[in-house]
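Observations on chain architecture
These are the residues of each chain, in order.
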Amino acid sequence: DTSTWKTYTSSKYNFSIKYPSQLEANDTTAAPPSLLIEPPQTGLGAPGFPTFYVSVMQDPPDPNDIVYERFSKEDLEDLFAAKVGATIPIGASKTPKSPDSEYWKFKRLPDIQIGDKTAYVFENNKVWSYGGTNRRVLLKSQDQIFMFGTYYSGKNTLNNFNLLLSTFKFTK
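Predicted, not measured: the structure shown is a model, and the values here were computed from it.

Overall, the coordinates contain 2 salt bridges when judged by the stated rule. R108 is the salt-bridge partner of D111, the closest N and O atoms lying 2.2 Å from each other. Two residues, R135 and E123, come together in a salt bridge whose shortest N-O distance is 2.7 Å. Of this pair, R135 sits in strand β9 (residues 133-141) while E123 sits in strand β8 (residues 117-124), and the two are 12 residues apart along the sequence.

This part is about helix α2 (residues 155-166). For α2, spanning 12 residues, the distance from its first C-alpha to its last is 16 Å, which sits close to the expected 16 Å at 1.5 Å a residue. Among the residues of α2, those classed as buried are L158, N160, F161, L164 and L165. Relative to the axis of α2, the buried residues are bounded by an arc of 160° and lie together on one face. Residues K155 and N156 are exposed on α2 and point more than 90 degrees away from its buried face. Looking at the buried positions of α2, the neighbouring elements they touch are β2 (15-19), β4 (34-38), β5 (52-58), β7 (105-114), β9 and β10 (144-152).

Now for the packing of aromatic side chains. Within the structure shown, the criterion is met by 10 aromatic pairs. Between Y8 and F15, the aromatic rings sit 6.0 Å apart at their centres with planes inclined by 40°, giving tilted as the arrangement. Exposure remark for F15: the relative accessible area of 3% places this residue in the buried category. Taken together, the aromatic side chains of Y8, F15, F146, F148, F168 and F170 make up a single cluster linked through ring pairs.

Glancing now at the environment of F15. In this structure, F15 sits in strand β2. When residues no more than four places from it in sequence are discounted, the contact partners of F15 are Y8, T9, S10, V54, V56, F146, F168, K169, F170 and T171.

This brings us to the nonpolar core. F15, I17, I114, V137, F146, F148 and F168 are the most contacted members of the largest nonpolar core, which totals 26 residues. Of all the secondary-structure elements, those providing two or more residues to this core are β2, β4, β5, β7, β8, β9, β10 and α2. A per-element tally of this core places α2 first, with 4 residues. Excluding residues that lie within four positions of it along the chain, F146 makes contacts with Y13, F15, V54, S55, V56, V137, L138, L139, S141, F168 and F170. One finds L76, A82, W104 and V127 within the second-largest nonpolar core, a separate group that totals 17 residues.

Right, let's talk about the pairing of β10 for a bit. Across the 9 residues of β10, 9 count as buried, placing the element largely inside the fold. Alternating residues of β10 divide into Q144, F146, F148, T150 and Y152 and I145, M147, G149 and Y151, and every residue in both groups is buried. For β5 and β10, the ladder comprises 7 bridges, and the chain directions are antiparallel. When the bridges of β10 are listed, F52 appears paired with T150. The hairpin formed by β9 and β10 contains 2 residues between the paired strands, and Q142 there has a positive phi angle of roughly 50°.

It is worth spelling out the environment of F122 at this point. Along the polypeptide, F122 turns up in strand β8. Taking C-alpha positions, F122 is 8.3 Å from N134, a pair spaced 12 residues apart along the chain. In this structure, F122 is in contact with L79, I88, F106, K107, R108, N134, R135, R136 and L138, ignoring residues within four places of it in sequence.

Cut-off values and rules
- Positions within a chain are numbered from 1, following the residues in the order the chain's sequence is written.
- The predicted origin of the model limits local features to residues at a pLDDT of at least 70 and limits the giving and counting of side-chain atom pairs to 80 or more, whereas totals for whole chains, interfaces and linings rest on all residues.
- Computation of side-chain values: all heavy atoms of the structure, hydrogens and water removed.
- A carboxyl oxygen of Asp or Glu within 4 Å of a side-chain nitrogen of Lys or Arg is what we treat as a salt bridge.
- To qualify as a helix, a DSSP run of H or I must reach at least 4 residues; to qualify as a strand, a run of E must reach at least 2; elements of each kind are numbered from the N terminus.
- Residue count minus one, scaled by 1.5 Å, sets the expected span of a helix.
- To sort residues, take the accessible area from a 1.4 Å probe on protein chains only and compare it with the maximum for the residue type: under 20% means buried, over 50% means exposed, and anything in between is partly exposed.
- The arc refers to the directions leading from the helix axis to the C-beta atoms.
- Between two residues, a contact is recorded if the distance between any of their heavy atoms is within 4.5 Å.
- Stacked, tilted and edge-to-face pairs are distinguished by plane angle, under 30 degrees for stacked and over 60 for edge-to-face with tilted covering the rest, among Phe, Tyr and Trp rings (Trp via its six-membered ring) whose centres lie within 6.5 Å.
- For this analysis, a nonpolar core means a set of buried residues of the types Ala, Val, Leu, Ile, Met, Phe, Trp, Tyr and Cys, connected via side-chain atoms within 4.5 Å.
- When DSSP finds two or more bridges between a pair of strands, those strands are recorded as paired.

Structural data, given as structure tokens:
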């Protein structure tokens, strides 16, 4: 039930999305522009992984953008071209002896619908010392690519992520 959730609206990227009331929505100005939905940060020090996030980039990706959420233009093309069940190496994982190689191999899962659009789902279950699963959902719309993501270790976070995706709407 999302009736008590807050709504975030982006007039710049023409979308709205609901998120759990106990979390905060924070825009970032880093490349790519992102919306981080996470617990309120307290104290000093670097925050941990966001609970959920939405990042937006141009489609096709600008060749001058070397990396988008650690995904190059070629990585994104490989992800969109992958068949369900395929494992796709991203960035450093394309180098067999890279210490990060297992952290950036994503398995293509079945597509989902977000509104009237088809979205592509990928997961990696080796998230550094976190020990959870990194889920990414890619959605193309007009001249933009939306990347939704979560790091989860239990069904509750994944269920909330799926609920969050069900509330995503384009405003134009």
